[in-house]
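# A closer look at the structure
Single-letter residue listing:
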Amino acid sequence: MLPSSIQISGEPLSGAEVRDICRGLRDNAVRLLSLRGCRLCDRDFGRICRALAGATSLAQLNLNLGVVSSPSRIKQLAEALRTNRSIQSLLQGRRLRNLCSLVSPPSLHGSPLTDAGLALLNPALALHPALVALDLGDCMLGDEAINLICGLLPPDGAKSGLKELTLSANPGITPKGWSRLAIAVAHSSQVRVLNLDYNPLGDHVAGMLAVAVASSRTLEVLDLESTGLTNQSAQTLLDMVENYPTALRSLVLAENSISPELQQQICDLLSEGEEEEEVAGGPGHTQEGERGREPAAHPRGSSSWMCPSDPSSQMVLMTSGLGDSLLAETEM
């Protein structure tokens, strides 16, 4: 029997429903488990965590919108993650302000993770052998969390490291924290997608990020929507795109005090870079070359979010409002 999906939203879970969920996980009959905003007691939450620890078919887990709502639940989830190696996506956040989901970004809306919560989860995340995507959007994080996240961005490729990182709507992070992240991204050999939208970054932080982008060999998508930028930032980013070859393919600058003309110039330059690559590849571009490249993730504003082509790779996202589209795409 092919693994199935269990998706329940905004309902209290009865003891019988929890037993059915646990049975499906133990029988390896569940590939996607989504319990968005569901209400259940601590005892039942612990039963589900113990069952998912040994589930080998589970690829996606979404426990957002308040399901992971206390330090004890965070610890139980972390313990399950130390054992389970099939999960490809973990979602936690509020928009992610909740705490968890596996396979693509999950979300824990209404249950702030905070620095302390991330500290509890971090050992399990750091030891995960194939974690490539982490969504901590709207999790009420600060600079201490950034220190932990930077540890998931190895500079030398010694371990897989994160390829997609979302830190949207975490206004508690200071310029000092963002500067540390910019340095880590500049030296990371893996990061391809970085979503920092809805943070009060300002022009100073944007300048540091421009240096990080220019230094990165892999960053393809940077989302800076509604981050307090002005034409000063846009001019710096324009100079970077115009004068330094980078891997950047998508730069989101909507909802900032930036003139449409500057935004269009940046967009045109990025488009030109893509066209030149396509021409260079030419008709002789082999299928092997395509297989060698993992598809770039799309900005969250677009209609799709591409998962890694390698089915063994794992995604952990902690967010609070993106879970629906991700789960829908997974089902497709």
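### Some words on the overall build of the chain
The helix and strand inventory of the chain stands at eleven helices and eleven strands. In the chain, which comprises 332 residues, the proportion classed as buried is 54%. In the chain, the proportion of contacts linking residues at least 24 apart, taken out of those at least 6 apart, comes to 79%. Total accessible area on the chain is roughly 14,200 Å²; 52% of this is exposed by carbon and sulfur atoms.

### Regarding the packing of helix α7 (residues 202–215) against helix α8 (residues 231–243)
Packing of α7 against α8 brings their axes to within 9 Å, and their N-to-C directions diverge by 10°. For the element pair α7 / α8, the angle class is roughly parallel. Contacts between α7 and α8 involve G202, D203, A206, A210, V213 and A214 on the former and, on the latter, Q232, S233, T236, L237 and M240. Looking at the contact of α7 with α8, its residues break down into six nonpolar, four polar and one charged.

### Concerning α7
Between its first and last C-alpha, α7 extends 20 Å over 14 residues, near the 20 Å set by a 1.5 Å rise per residue. Along α7, the residues that are buried comprise G202, D203, V205, A206, L209, A210, A212 and V213. Projected down its long axis, α7 carries its buried residues within an arc of 165°, all on one side. Exposed residues pointing more than 90 degrees away from the buried face of α7 are listed as H204 and V211. The elements touched by buried residues of α7 are α6 (175–187), β9 (221–223) and α8.

### Digging into the pairing of strand β1 (residues 4–9)
In the sheet, β1 pairs with strand β2 (residues 30–36) via six bridges, with the strands oriented parallel. Opposite S4, over in β2, you have V30 as the bridge partner. Of the crossover connections in this fold, the one passing from β1 over helix α1 (residues 15–26) to the parallel β2 is right-handed.

### Quick notes on the pattern of salt bridges
Scanning the entire structure with this criterion turns up five salt bridges. Between D42 and R73 there is a salt bridge, with its nearest N and O atoms 2.8 Å apart. One end of the pair, D42, is in helix α2 (residues 42–53); the other, R73, is in helix α3 (residues 71–83), and 31 residues separate them in sequence. Using a relative accessible area of 5% as the deciding quantity, one classes R73 as buried.

### Some words on the nonpolar core
One finds L25, L33, I48, L167, L181 and L224 to be the most contacted residues of the largest nonpolar core, which totals 82 residues. Beyond its immediate chain neighbours, meaning those up to four positions away, L181 contacts I146, C150, L153, L165, L167 and L196.

### Here's the deal with the confidence of the model for the chain
Across the chain, pLDDT averages 78, with 72% of residues at or above 70. Averaged over each element, pLDDT in the chain is lowest for strand β5 (residues 101–102) (37) and highest for β9 (97). Here residues 94–110 is modelled with pLDDT under 50, and outside its nearest four sequence neighbours on either side it reaches 175 contacts, counting other chains as well. The low-confidence segment residues 283–332 (pLDDT under 50) makes 161 contacts with residues lying over four places distant or belonging to another chain.

### Section: the pairing of strand β6 (residues 131–135)
Regular strands place their side chains on alternate faces of the sheet. In terms of burial, β6 is largely enclosed, as five of its five residues are buried. Both β6 and strand β7 (residues 164–166) contribute to a ladder of three bridges, which runs parallel. Each bridged residue has a counterpart across the sheet, and for A133 the counterpart in β7 is E164.

### With respect to the packing of helix α5 (residues 143–150) against α6
Interhelical geometry of α5 versus α6 gives an angle of 10° and a closest axis separation of 9 Å. Between α5 and α6, the angle falls in the class roughly parallel. Residue-level contacts link D143, I146, N147 and C150 of α5 to K176, G177, R180, L181 and A184 of α6. Looking at the contact of α5 with α6, its residues break down into four nonpolar, two polar and three charged.

About the thresholds
Residues numbered from 1 in each chain as written. Predicted model: local features only at pLDDT ≥ 70, side-chain atom pairs only at ≥ 80, totals over all residues. Heavy atoms only, no water. Helix = DSSP H or I, 4+ residues; strand = E, 2+ residues; numbered from the N terminus. Buried < 20%, exposed > 50% of the residue type's maximum accessible area, 1.4 Å probe, protein only. Contact = heavy atoms within 4.5 Å. Areas by Shrake-Rupley, 256 points an atom, 1.4 Å probe, with all protein chains shown as cover. Axes fitted to C-alpha atoms, helices over the stretch in contact; angles between N-to-C directions. Parallel < 35°, antiparallel > 145°, perpendicular 65-115°, else oblique. Nonpolar A, V, L, I, M, F, W, Y, C, P; charged D, E, K, R; others polar. Expected span 1.5 Å × (residues − 1). Arc of directions from axis to C-beta. Pairing = 2+ DSSP bridges. Right-handed = clockwise from strand over helix to strand, strands pointing away. Salt bridge = Lys/Arg side-chain N within 4 Å of Asp/Glu carboxyl O. Core = buried A, V, L, I, M, F, W, Y, C linked by side-chain atoms within 4.5 Å. pLDDT = per-residue confidence, 0-100.

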